[in-house]
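Spelled out, the chains give:
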Amino acid sequence: MGNCDIFCLHTARWRLTTGTMRSLFQACSLFIILLSGNRLKASSEVESVDLPNCHLIKGIEPATLETTSQMQTHESKQKWPEAGAEDIDILPNGLAFLSVGLKYPGLHSFAPDKPGGILMMDLKDENPRALELRISRGFNLASFNPHGISTFIDSDDTVYLFVVNHPEFRTTVEIFKFQEEDNSLLHLKTVKHELLPSVNDIIAVGPAHFYATNDHYFSDPFLKYLETYLNLHWTNVVYYSPNEVKLVAEGFDSANGINISPDKKYIYVADILAHEIHVLEKQHNMNLTQVKVLKLDTLVDNLSIDPSSGDILVGCHPNGQKLFIYDPNNPPSSQVLRIQNILSEKPTVTIVYANNGSVLQGSSVASVYDRKLLIGTLYHRALYCEL
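Residues numbered from 1 in each chain as written. Predicted model: local features only at pLDDT ≥ 70, side-chain atom pairs only at ≥ 80, totals over all residues. Heavy atoms only, no water.

Student: What is the right way to look at the overall build of the protein in this model?
Tutor: Each helix and strand in the protein was counted, giving five helices and 25 strands. Of the contacts formed within the protein by residues at least 6 apart in sequence, a portion of 54% connects residues at least 24 apart. Of the accessible surface of the protein, which amounts to about 17500 Å², a share of 49% is contributed by carbon and sulfur atoms. (Helix = DSSP H or I, 4+ residues; strand = E, 2+ residues; numbered from the N terminus. Contact = heavy atoms within 4.5 Å. Areas by Shrake-Rupley, 256 points an atom, 1.4 Å probe, with all protein chains shown as cover.)

Spelled out as structure tokens, the structure:
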């Protein structure tokens, strides 16, 4: 056990301010990163693969010092821009939900004191814009810190939005009802459970039912660093319903993105630090049985499904070290993969988009609808492309 690990464990007993915790997270992150070069692909570089007809989405951009100063002066008149679109989910009618403003231990943030939110874009519009959805009264917006998201359409066409939330470094799952008539979210339920200590992503399979990935076994932030350092492979997938909560898959290095096949037979899980995508077969009792593992040469984050083909789109980090040791002069790169026929003996893996960070830093998700592609990032910008 290193000095930083001992320091972190002792400090876990203190009651710390948010600013102090951020400083400790950064110090311990650096220590872990220096010992995890292979898992983070620390020496990897990316060759650009450009797409035509792309533009940055307005309203999702890091605030510069100049704009920050202006907004502090005219705070009542100007809206702070959002930074990052960590996850994106698109309904069959073309309405896209974007989870923005994530603050996560060890990761850079351009707006560390600004709460996150949910944006929406109508991809059927000729020039779609990102609009922030209003959330019903009674929900704590000040601590809203959204991470992975998933939608579910019930038999009566009710749309539910599931959001992984990290208020004050804790983990909850928030369930909302989307009200299209006034572009708002009605908060229905907050889910907390001992089997959901560190949820990263979620896939809804019912109006109050979901699979979730835990990217760490522990909930204590300092034990998380120790867990990563020791490479314990204790992370897992949990099934939640109002009547039953259970562990359904385990043994991942760091379980991250999750999604479901179009026929609802298979669950796909990204293991970001192992550079793998796991294919798991869903059983009648909702348990999961592993079918295969696809090895990749990049850190795989969120998974989306192309509704027209069933292909898997993956937001990736070619060099994970740059995510945690943020240097504006050597920023993290972005990469999007398309995986075709994942159940076959030799799936086809294609690089759809790649950038060295000059345009897009830290891509975490890519979602497609009717030849329109959205690429989101952990804490930077978001890109809209017409394919």
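Text resumes after the structure shown.
Student: Help me understand the environment of Val100, please; the structure alone is not making it clear to me.
Tutor: When you line up the elements, Val100 lands in strand β3 (residues 95-100). Residue Val100 is classed as buried on the basis of its relative accessible area of 0%. Val100 has contacts with Ile60, Glu82, Ala83, Gly84, Ala85, Gly116, Gly117, Ile118, Leu119 and Pro146, leaving out every residue within four places of it along the chain. (Buried < 20%, exposed > 50% of the residue type's maximum accessible area, 1.4 Å probe, protein only.)

Student: What exactly am I supposed to notice about the side chain of Asp201 here?
Tutor: Within the secondary structure layout, Asp201 lies in strand β11 (residues 199-206). Buried within the structure, Asp201 lacks any salt-bridge partner; Lys264 is the closest side chain of opposite charge, at an N-O distance of 14 Å. Of the polar contacts made by the side chain of Asp201, one reaches the backbone nitrogen of Ile258; its length is 3.0 Å. If sequence neighbours within four positions are ignored, Asp201 has contacts with Asp87, Gly148, Ile149, Val164, Tyr211, Ala212, Thr213, Asn256, Gly257, Ile258 and Asn302. (Lys, Arg positive; Asp, Glu negative; His and termini not counted. Salt bridge = Lys/Arg side-chain N within 4 Å of Asp/Glu carboxyl O. Polar contact = N/O pair within 3.5 Å; in protein donor to acceptor, adjacent residues only side chain to side chain.)

Student: Sorry, what's going on with the sheet that holds strand β25 (residues 383-386) here?
Tutor: Two modes of strand pairing occur in sheets, parallel and antiparallel, and in both the strands are linked by backbone hydrogen bonds. Strand order in the open sheet formed by four strands is β1-β25-β24-β23, with antiparallel pairing between adjacent strands. Only two strands of the sheet have a single neighbouring strand rather than two, namely β1 (54-56) and β23 (363-369). Going from strand to strand, the sheet's axes swing by 20° on average, the running direction of each strand aside. Inspection of the sheet shows β23 paired to strand β24 (residues 372-377) by six bridges, in the antiparallel sense. (Pairing = 2+ DSSP bridges. Axes fitted to C-alpha atoms, helices over the stretch in contact; angles between N-to-C directions.)

Student: I'm lost on the state of the cysteines in this one. Help?
Tutor: Covalent bonding between the sulfur atoms of two cysteines is what defines a disulfide. In this structure the tally under the stated criterion is one disulfide. Each sulfur of the disulfide joining Cys54 and Cys385 lies 2.1 Å from the other. In this structure the cystine formed by Cys54 and Cys385 twists about its S-S bond by roughly 110°; its chirality is therefore right-handed. Of this pair, Cys54 sits in strand β1 while Cys385 sits in strand β25, and the two are 331 residues apart along the sequence. Classification of Cys54 as partly exposed rests on a relative accessible area of 28%. (Disulfide = S-S within 2.5 Å.)

Student: What's the story with helix α4 (residues 221-230) in this structure? I'm lost.
Tutor: For the α-helix, the turn length of 3.6 residues means that residues three or four positions removed from each other point alike. Burial runs high along α4: seven of the ten residues are buried. Taken as a whole, α4 has its buried residues at Pro221, Phe222, Lys224, Tyr225, Leu226, Glu227 and Thr228. N-capping of α4 is provided by Asp220, with a side-chain oxygen placed 2.9 Å from the backbone N of Phe222. Just beyond α4, the residue with positive phi is Asn231, at close to 55°.

Student: Help me understand the pattern of salt bridges, please; the structure alone is not making it clear to me.
Tutor: When the charged atoms of two side chains lie near each other, side chains of opposite charge can form a pair. Applying the stated rule across the entire model yields ten salt bridges. Here Arg170 and Glu168 are joined by a salt bridge, their closest N and O atoms 3.9 Å apart. Residue classification places Glu168 among the exposed positions, given a relative accessible area of 61%. Lys246 is the salt-bridge partner of Glu244, the closest N and O atoms lying 3.5 Å from each other.

Student: Please clarify how the packing of aromatic side chains should be interpreted in this entry.
Tutor: Note on aromatic pairs: each is described by the distance of the centres and the angle between the planes. For the coordinates displayed, the defined rule picks out 13 aromatic pairs. For the ring pair Phe110 and Tyr326, a centre distance of 5.7 Å and an interplane angle of 85° mean the geometry is edge-to-face. Of the two residues, Phe110 is situated in the loop between β3 and β4 (117-122) and Tyr326 in the loop between α5 (321-324) and β21 (334-340); the sequence distance between them amounts to 216 residues. Each residue in the set Phe110, Tyr326 and Tyr379 is aromatic and connected to the rest through ring pairs, giving one cluster. (Phe/Tyr/Trp six-rings, centres within 6.5 Å; stacked < 30°, edge-to-face > 60°.)

Student: In this structure, what is going on with the sheet that holds strand β20 (residues 312-317)? I would like to understand it.
Tutor: Taken together, four strands build an open sheet; the order of strands is β19-β20-β21-β22 and the sheet is antiparallel. The open sheet has two edge strands, β19 (299-305) and β22 (348-355), and neither has a second partner. The sheet shows a mean angle of 25° between the axes of neighbouring strands, direction not considered.

Student: I tried to follow the side chain of Glu174 on my own but got confused; where do I start?
Tutor: Mapping Glu174 onto the fold places it in strand β9 (residues 172-179). For the buried residue Glu174, which engages in no salt bridge, the nearest side chain bearing the opposite charge is Lys192, 7.5 Å off. Other than its neighbours up to four places away in sequence, Glu174 contacts Phe139, Leu161, Phe162, Val163, Asn165, His187, Lys189 and Thr190.

Student: Looking at this structure, I do not really get the environment of Arg134. What am I missing?
Tutor: Along the polypeptide, Arg134 turns up in strand β6 (residues 134-135). The class for Arg134 is partly exposed, based on a relative accessible area of 47%. Placed 51 residues apart in sequence, Arg134 and Leu185 show a C-alpha to C-alpha distance of 6.2 Å.

Student: Help me out: how do you make sense of the environment of Arg170 in this one?
Tutor: Along the chain, the position of Arg170 falls in the loop between β8 (159-165) and β9. The class for Arg170 is partly exposed, based on a relative accessible area of 39%. Linking Arg170 and Ser198, residues 28 residues apart in sequence, is a C-alpha distance of 7.6 Å. Look past the residues within four positions of Arg170 in its chain and what remains in contact with it is Asn165 and Lys192.

Student: Quick question: what am I supposed to make of the pairing of β4 here?
Tutor: When you tally the buried positions in β4, you get five out of six residues, the bulk of the element. With six bridges connecting them, β3 and β4 associate as antiparallel partners. Looking across to β4, one finds that Phe97 is bridged to Met120. The pairing of β4 with strand β5 (residues 131-132) spans two bridges and is classified as antiparallel. Across the sheet, Met120 pairs through a bridge with Leu131, a residue of β5.

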